[in-house]
Amino acid sequence: NVGTADRPRLVVNSLTVHHDDDNPSVLSVLDEKHPMHRAWASGIAAELLGLHGRDVMEAVTFASLTPEQQRMCLTSKIVLRAKRSPITGEVSRLKARLTAGGHRSKAGYHFQDSATPGASSTTPRVMATLAALTRQTISNFDVTQAYVSAPLLQGATIHIHFPPELQKLISG
């Protein structure tokens, strides 16, 4: 399908998430009839409270933003994922992540580079040393909400719209 001068074709990179038991839709788990409604709601609450507790999230009204801030405001969504034990295959953890719509982000405003923040080189060394001293093995380790530690420009703030599914929950 080709665009014309009067009607250009807009192509947006997108990620289609296949919803299943391990990756359910937010709307399905917010339905009180969902068998794991309380567990998923707890995971969503933990993500939002964790961001608020780290003082990296503050609720503001869209109307309180300047026109430039409104124009640069990103969309967001909650992504759900069930983590399974590699040994038993049973669900061991229900994770929810608030994600910003990076497809609308602008270099120099929302980010400075595209590198993913990681742990310092000291962290893996200390972990390996402790494992060796206690004769344990490390298969992997996770830093809770590590992405909120990424540096921003001095005084920079990134504004995102609250996910529509959760907006309905709060206002309805």
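Chains are numbered independently. Their residues run from 1 in the order of the written sequence. Local features in this predicted model are restricted to residues of pLDDT 70 or higher, and side-chain atom pairs are both shown and tallied only at a pLDDT of 80 or more, whereas totals for entire chains, interfaces and linings draw on every residue. The side-chain figures draw on all heavy atoms in the structure; neither hydrogens nor water molecules are used.

1. Here we look at the environment of alanine 41
So, step 1. Only runs of H or I of at least four residues qualify as helices and only runs of E of at least two qualify as strands under DSSP, and these elements are numbered from the N terminus. Looking at the secondary structure, you find alanine 41 in helix α2 (residues 37-53).
So, step 2. Alanine 41 sits in the partly exposed class, given a relative accessible area of 27%.
So, step 3. Along the primary structure alanine 41 and leucine 30 are separated by eleven residues, whereas in three dimensions their C-alpha atoms are 6.8 Å apart. Whether a residue is buried, partly exposed or exposed follows from its accessible area with a 1.4 Å probe, protein chains only, as a fraction of its type maximum: under 20%, in between, or over 50%, in that order.

2. Focus: the nonpolar core
So, step 1. Membership of the largest hydrophobic core comes to 14 residues, with the highest contact counts inside it found for Val26, Trp40, Ile44, Ile78, Leu80 and Leu166.
So, step 2. At the level of elements, α1 (26-30), α2, β1 (76-84) and β2 (91-100) are the ones that each hand at least two residues to this core.
So, step 3. The greatest single-element share of this core, amounting to four residues, is contributed by α2.
So, step 4. Residues in contact with isoleucine 44, not counting those within four places in the same chain, are Val26, Leu30, Ile78, Leu80, Ala96 and Leu166. The set of buried Ala, Val, Leu, Ile, Met, Phe, Trp, Tyr and Cys residues whose side-chain atoms join them within 4.5 Å is what this entry labels a nonpolar core. A contact between two residues is defined here by any heavy atoms of the two lying within 4.5 Å.

3. Quick notes on the pairing of β2
So, step 1. In this scheme, strands are said to pair when DSSP sees at least two bridges between them. Two elements, β1 and β2, share nine bridges in a ladder whose sense is antiparallel. What sits directly across from serine 76, in β2, is alanine 100.
So, step 2. Between the antiparallel neighbours β1 and β2 lie six residues, among them glycine 89 with a positive phi of about 80 degrees.

4. Observations regarding the side chain of serine 76
So, step 1. Summarising the element assignment, serine 76 is placed in strand β1.
So, step 2. A 3.5 Å cut-off defines polar contacts: any pair of N or O atoms within that distance qualifies, except that in protein one atom must be a possible hydrogen donor and the other a possible acceptor, and neighbouring residues in sequence count only when both atoms are side-chain atoms. A polar contact of 2.4 Å, which involves the side chain of serine 76, links it to the backbone oxygen of histidine 161.
So, step 3. For serine 76, the contacting residues outside a window of four places in its chain are Leu98, Thr99, Ala100, Gly101, Ile160, His161, Phe162, Pro163 and Pro164.

5. Section: helix α4 (residues 122-133)
So, step 1. Under the convention used throughout, the expected extent of a helix is 1.5 Å for every residue step, that is, one less than its residue count. Helix length check: α4, at twelve residues, gives a terminal C-alpha distance of 16 Å against a target of 16 Å (1.5 Å per residue), a fit within 8%.
So, step 2. Downstream of α4 by a residue or two, arginine 135 has a phi angle that is positive, lying close to 55 degrees.

6. Thoughts on unusual backbone geometry
So, step 1. One non-glycine residue, arginine 135, adopts positive backbone phi at about 55 degrees.
So, step 2. The topology assignment puts arginine 135 in the loop between α4 and α5 (164-171).
So, step 3. For arginine 135, a relative accessible area of 80% puts it in the exposed group.

7. With respect to the confidence of the model for the protein
So, step 1. Averaged over all residues, the pLDDT of the protein is 75; the fraction at 70 or higher stands at 66%.
So, step 2. Predicted confidence for residues 7-15 stays below pLDDT 50, and this span has six contacts to residues more than four positions away or in other chains. Per residue, pLDDT captures the predictor's confidence, and it can take any value from 0 to 100.

8. Brief notes about the pattern of salt bridges
So, step 1. For this analysis, a salt bridge means a side-chain nitrogen from Lys or Arg found within 4 Å of a carboxyl oxygen belonging to Asp or Glu. Here the structure, examined in full by the defined rule, presents three salt bridges.
So, step 2. Arginine 97 is paired through a salt bridge with glutamate 47; the nearest N and O atoms lie 2.9 Å apart. You can see arginine 97 sitting in strand β2 and its partner glutamate 47 sitting in helix α2, a full 50 residues away along the chain.
So, step 3. Note on arginine 97: relative accessible area 22%, which makes it partly exposed.
So, step 4. You can call glutamate 47 buried: its relative accessible area is 2%.
So, step 5. Of the charged contacts in the structure, one is a salt bridge between arginine 71 and glutamate 68, with a shortest N-O distance of 3.2 Å. Here the residue arginine 71 and the residue glutamate 68 both occupy positions in helix α3 (residues 67-71), the gap between them amounting to three residues, near one helical turn.

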